[in-house]
Amino acid sequence: EDGGHSYLVYRLDPKLHQLKLYWQKDGKPIETFEQLHQHVHEQNGELLLATNGGIFEPGYEPTGLHIEDGRELLPLNKDAGKGNFYLEPNGVFFIHNEKPFILSTSEYAAEKRQPEMAFQSGPLLLRQGKIHHRFRKASTNVYIRSGIGLTDKGKVILVLSEDKVNLFTFAQLFQERLKCIDALYLDGGI
């Protein structure tokens, strides 16, 4: 609990836990956690934790970059638009040489890396320890929210709010309580 709000927090070490993206099975979107669990089980895997990996379009298509097992299934989205995904700076979470990173979309585009896995979402909650400049403490735009953060030790932290919070409060949790240096918004209205 933090500031009267409750959160589910999962900390993981990418050296000990494998992070994977799953979008489709046999060319069709995986639409439920039950379908995902079955798919992982069929591959002789064990699902420890699952969350929505960003913002999606109708038909369950990721809005931006999506790389699974080193294969780019959707390109980086540098378009302008409305909604949280397009609130700049938005960003990319990725694993490169077994290390996790969060960069802004423009930083990622300039880097030209070939990650093992990546997804794009937005907005960035934190970048280099600073809360997104457009977030306001008094905002009444509240939802159940999910996000992913990185500590300076390379640990990954996944968070789901258990009650409705605004983006400033959510970012502040990553900054102050979870001691993240970078964090990316995944989804809201869950």
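The structure under discussion appears in the preceding block.
Residues numbered from 1 in each chain as written. Predicted model: local features only at pLDDT ≥ 70, side-chain atom pairs only at ≥ 80, totals over all residues. Heavy atoms only, no water.

Novice: I would appreciate a short explanation of the sheet that holds strand β6 (residues 66-68) in the present structure.
Specialist: Whenever strands of a sheet pair, they do so through backbone hydrogen bonds, lying parallel or antiparallel. Read across the open sheet, the 5 strands follow the order β7-β6-β10-β8-β9; overall the sheet is antiparallel. The strands lining the two open edges of the sheet, one partner per strand, are β7 (71-74) and β9 (99-104). Geometrically, the sheet is characterised by an average inter-axis angle of 20° between neighbouring strands, direction not taken into account. Here β6 pairs with strand β10 (residues 117-121) via 2 bridges, running antiparallel. Bridge pairing in β10 places Ile67 opposite Ala118. (Pairing = 2+ DSSP bridges. Helix = DSSP H or I, 4+ residues; strand = E, 2+ residues; numbered from the N terminus. Axes fitted to C-alpha atoms, helices over the stretch in contact; angles between N-to-C directions.)

Novice: I'm lost on the side chain of Arg145 in this one. Help?
Specialist: Here Arg145 is to be found in strand β13 (residues 145-151). It turns out Arg145 is buried and unbridged, and the closest side chain with the opposite charge, Asp187, is 8.0 Å from it. A distance of 2.7 Å separates the side chain of Arg145 from the backbone oxygen of Asn141, its partner in a polar contact. (Buried < 20%, exposed > 50% of the residue type's maximum accessible area, 1.4 Å probe, protein only. Lys, Arg positive; Asp, Glu negative; His and termini not counted. Salt bridge = Lys/Arg side-chain N within 4 Å of Asp/Glu carboxyl O. Polar contact = N/O pair within 3.5 Å; in protein donor to acceptor, adjacent residues only side chain to side chain.)

Novice: For this particular structure, what's the right way to read the pattern of salt bridges?
Specialist: Side chains that differ in charge, positive against negative, can pair when their charged atoms come close. Taken as a whole, this structure holds 6 salt bridges when the rule is applied. A salt bridge links Lys25 to Glu42; the shortest N-O distance between them is 2.7 Å. One end of the pair, Lys25, is in strand β2 (residues 24-25); the other, Glu42, is in helix α1 (residues 33-42), and 17 residues separate them in sequence. For Lys25, a relative accessible area of 29% corresponds to the partly exposed category. Glu42 gets classed as partly exposed once you look at its relative accessible area, which sits at 41%. A salt bridge links Arg113 to Glu111; its shortest N-O distance comes to 2.6 Å. On the basis of relative accessible area, Arg113 is assigned to the partly exposed category, the value being 22%. On the accessibility criterion, Glu111 (36% relative accessible area) is partly exposed.

Novice: Teacher, can you tell me more about the packing of aromatic side chains here?
Specialist: The way to describe two aromatic rings as a pair is by their centre distance and the angle between their planes. A complete count under the given rule lists 6 aromatic pairs for this structure. By way of ring pairs, the aromatic residues Tyr7, Phe170 and Phe174 are connected into one cluster. Its guanidinium or amino end placed over the ring of Phe101, Arg113 lies 4.4 Å from that ring's centre, counting from NZ or CZ. (Phe/Tyr/Trp six-rings, centres within 6.5 Å; stacked < 30°, edge-to-face > 60°. Lys NZ or Arg CZ within 6 Å of the ring centre and 35° of its normal.)

Novice: Would you mind going over the nonpolar core with me for this structure?
Specialist: Note that soluble globular proteins tend to have their nonpolar side chains buried in a common cluster. Counting residues in hydrophobic clusters, the biggest one holds 22 residues, and the most contacted among them are Leu125, Phe135, Val159, Phe170, Phe174 and Leu178. Mapped by element, the contributors of at least two residues to this core are β11 (124-127), β14 (156-161), α3 (167-177) and β15 (180-188). Per-element accounting of this core gives the leading share, 6 residues, to α3. Those residues in contact with Phe174 that sit more than four places away from it in its chain are Leu125, Leu126, Gly147, Ile148, Gly149, Ile157, Val159, Lys179, Cys180 and Ala183. Core analysis: the next-biggest nonpolar cluster, separate from the first, contains 14 residues, Phe93, Ile148, Leu150 and Leu186 among them. (Core = buried A, V, L, I, M, F, W, Y, C linked by side-chain atoms within 4.5 Å. Contact = heavy atoms within 4.5 Å.)

Novice: Which parts of the structure should I look at to understand the pairing of β14?
Specialist: Here is the key point about a regular strand: its side chains alternate between the two faces of the sheet. In terms of burial, β14 is a largely internal element, 5 of the 6 residues being buried. For β13 and β14, the ladder comprises 5 bridges, and the chain directions are antiparallel. By the bridge assignment, Leu150 is partnered in β14 with Val156.

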